Amino acid sequence: MKRIHLVHTGGTLGMTEVEGTLQPGPFLARLASDVPELSRLATVDVEILMNKDSTEMVPADWDRIGGALAAKMADYDGFVVIHGTDTMAHTAAALSFSLRGLEKPVVLTGSQRPLRAIPTDGRTNLVAAVDLARRNIPEVTIFFGRQLLRGNRARKVSAERYDAFESPNYPPLGRVGLDVDLHPDLMRRPRGPFRHLPGFDPAVCYLPCWPGADATAVERAADAGVKVVVLGAYGVGNVPAAGGGWPAAIRKVTKRGVVALLVSQCGHGGVRPHLYEGGRAALSAGAVPGHDLTVETAVVKAMHCLGRGMAGEALREALGKNLVGELTPEPTGGGAVA
Ligand code: ASP
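Residues numbered from 1 in each chain as written. Predicted model: local features only at pLDDT ≥ 70, side-chain atom pairs only at ≥ 80, totals over all residues. Heavy atoms only, no water.

K.L.:
If you had to explain the pairing of strand E8 (residues 140-144) to someone new, which residues and values would you point to?
P.N.:
Summarising burial for E8: five of the five residues are buried, a large majority. Side chains of E8 alternate between two faces, with Val140, Ile142 and Phe144 and Thr141 and Phe143 buried alike. Examined bridge by bridge, strand E7 (residues 106-109) and E8 share three bridges and lie parallel to one another. Within the sheet, the bridge partner assigned to valine 107 lies in E8 and is threonine 141. (Buried < 20%, exposed > 50% of the residue type's maximum accessible area, 1.4 Å probe, protein only. Helix = DSSP H or I, 4+ residues; strand = E, 2+ residues; numbered from the N terminus. Pairing = 2+ DSSP bridges.)

K.L.:
Could you give an account of the site of the ligand, with specific residues and numbers?
P.N.:
For the ligand, the full set of nearby residues is Gly11, Thr12, Asp53, Ser54, Thr55, Gly84, Thr85, Asp86 and Ser111. The contact in question runs from an oxygen atom of the ligand to an N or O atom on the side chain of serine 54, over 2.6 Å. Threonine 85 is positioned with one of its side-chain polar atoms (N or O) 2.5 Å from an oxygen atom of the ligand. Residue composition of the shell around the ligand, grouped by class: no nonpolar, seven polar and two charged. (Near = heavy atom within 4 Å. Polar contact = N/O pair within 3.5 Å; in protein donor to acceptor, adjacent residues only side chain to side chain. Nonpolar A, V, L, I, M, F, W, Y, C, P; charged D, E, K, R; others polar.)

K.L.:
Tell me about the sheet that holds strand E17 (residues 259-264), and please be specific about residues and values.
P.N.:
Taken together, the four strands give an open sheet; going across it, the order is E15-E16-E17-E18, and neighbouring strands pair in parallel fashion. A single partner strand is all that each edge strand has here, and the edge strands are strand E15 (204-208) and strand E18 (288-289). In terms of strand pairing, E15 meets strand E16 (residues 228-233) through five bridges, oriented parallel. Looking at the pairing, cysteine 205 lines up with valine 229 of E16.

K.L.:
Go over the packing of aromatic side chains, please, and point to the residues and values.
P.N.:
In this structure the tally under the stated criterion is three aromatic pairs. Seen in terms of ring centroids, phenylalanine 144 and phenylalanine 165 are 5.0 Å apart; in terms of plane orientation they differ by 55°. Their pairing is tilted. Here phenylalanine 165 lies in strand E11 (residues 165-166) and phenylalanine 144 lies in strand E8, a separation of 21 residues in the sequence. A relative accessible area of 2% places phenylalanine 144 in the buried class. We note arginine 3 situated over the ring of tyrosine 76; from NZ or CZ to the ring centre the distance is 4.7 Å. The ring of tyrosine 170 carries arginine 150 above its face, with NZ or CZ at 4.2 Å from the centroid. (Phe/Tyr/Trp six-rings, centres within 6.5 Å; stacked < 30°, edge-to-face > 60°. Lys NZ or Arg CZ within 6 Å of the ring centre and 35° of its normal.)

K.L.:
Requested: an account of the pattern of salt bridges, with residues and values cited.
P.N.:
For the structure shown, the criterion picks out 21 salt bridges. Residue glutamate 326 is joined to lysine 301 by a salt bridge in which the shortest nitrogen-to-oxygen separation is 2.6 Å. Here lysine 301 lies in helix H9 (residues 295-307) and glutamate 326 lies in the segment after helix H10 (312-320), a separation of 25 residues in the sequence. Looking at glutamate 326, the relative accessible area reads 0%, which means it is buried. (Salt bridge = Lys/Arg side-chain N within 4 Å of Asp/Glu carboxyl O.)

K.L.:
How would you summarise the packing of helix H3 (residues 59-72) against helix H4 (residues 88-98) if you had to cite specific residues and measurements?
P.N.:
Where H3 contacts H4, the two axes come as close as 10 Å, and the packing angle between them is 55°. On the basis of their axis angle, the class for H3 and H4 is oblique. In the crossing of H3 with H4, the sense of the turn from one axis to the other is right-handed. Here Trp62, Ile65, Gly66 and Leu69 of H3 lie close against H4, whose contacting residues are His90, Thr91, Ala94 and Leu95. In terms of residue class, the contact of H3 with H4 is made up of five nonpolar, three polar and no charged. (Axes fitted to C-alpha atoms, helices over the stretch in contact; angles between N-to-C directions. Parallel < 35°, antiparallel > 145°, perpendicular 65-115°, else oblique. Left-handed = near helix turned anticlockwise from the far one by under 90°. Contact = heavy atoms within 4.5 Å.)

K.L.:
Would you mind going over the pairing of strand E3 (residues 21-24) in detail, with residue names and values included?
P.N.:
Where strand E2 (residues 15-18) meets E3, four bridges bridge the pair, whose relative direction is antiparallel. Considered in E3, the bridge of glutamate 17 is made with leucine 22. Here E2 hands over to E3 after two residues, with glutamate 19 in that stretch at a positive phi of 45°.

K.L.:
Could you give me a rundown of the side chain of arginine 155, with the residues and numbers involved?
P.N.:
Within the secondary structure layout, arginine 155 lies in strand E10 (residues 155-156). Accessibility expressed as a relative area gives 19% for arginine 155, which makes it buried.

K.L.:
Lay out H4 in plain terms, naming residues and giving numbers.
P.N.:
The buried fraction of H4 amounts to ten of the eleven residues, a majority that puts the element mostly inside the structure. Among all positions of H4, only Met88, Ala89, Thr91, Ala92, Ala93, Ala94, Leu95, Ser96, Phe97 and Ser98 are buried.

K.L.:
Go over the sheet that holds strand E5 (residues 78-82), please, and point to the residues and values.
P.N.:
Read across the open sheet, the eight strands follow the order E4-E1-E5-E7-E8-E9-E12-E13; overall the sheet is mixed. A single partner strand is all that each edge strand has here, and the edge strands are strand E4 (43-52) and strand E13 (180-182). Here the average twist between neighbouring strands, direction ignored, is 20°. Two elements, strand E1 (residues 3-10) and E4, share seven bridges in a ladder whose sense is parallel. Across the sheet, arginine 3 pairs through a bridge with threonine 43, a residue of E4. Running over the sheet, H4 touches E7 and E8 and is turned about 155° from E8.

Quick look at the structure:
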């Protein structure tokens, strides 16, 4: 039997209702009796690393989770991380950057309803996650609903549906229904030996633009010590260029060594900033195109790169290129509207 290490970090799956509010409840004692079928799939060891509503997760928690997984990496065939849905995509992205050369599956899952509720999506998500963690999937993934998604491509898109996560810019790595359909051709293969690269610097902010938004917010963020401003541009990477406020703000912070990382505020697709004047102006002012990064992954990637001590040109280069399957670079020579 395969050996699976299950790390509990919190979230709705393990919560109980106390006077109308869901709160972290006792978990380990009940798991074997609540989901006895797990022991037919694998030998599952449970570690309660923390028991948090994922709203309360901070970057230091990503290092705790990464450290716990790295410490047991040699002892198990695969790993399941139970996590709240609110920031599951951020944690999955963080682990994808910090656990390099991964040869074994790390499957994050959770649920919209507690495991003990009737009905619940917790049971099916947990059973499928343990099943998937026995297989050859050398990536940090999220399993939720029916889909197995690359962790750094996933987003929470529904506060109520059981299939709460999507991967807007990369196909699902697998689907679980009557059969388990996996797509090994879409999966990454380990590059280099396994290593844990901890350290996330939170000096990052996300600023979307909207009609009438004040571009000086970009400078005020830099004044406050922010080193990477993830700019949520319209559509394919446009910021308001008429009047020059946004390009001027980007130019000023770039001169100070702050990176303006351009992502799309749309849920689907990436930036192709050369297509319109607003994107061209942002680029010539010094913005770095983030291609099809999700906002969640853009923010986490910036924290990772800063946390690894990157600055200047090395930081700009790392943010704009693919490190661990988190973005698809625009094909060179592109530019025509397809
Ligand atoms: N607030 C919860 C959390 O993210 C929601 C959930 O788990 O679905 O921890």
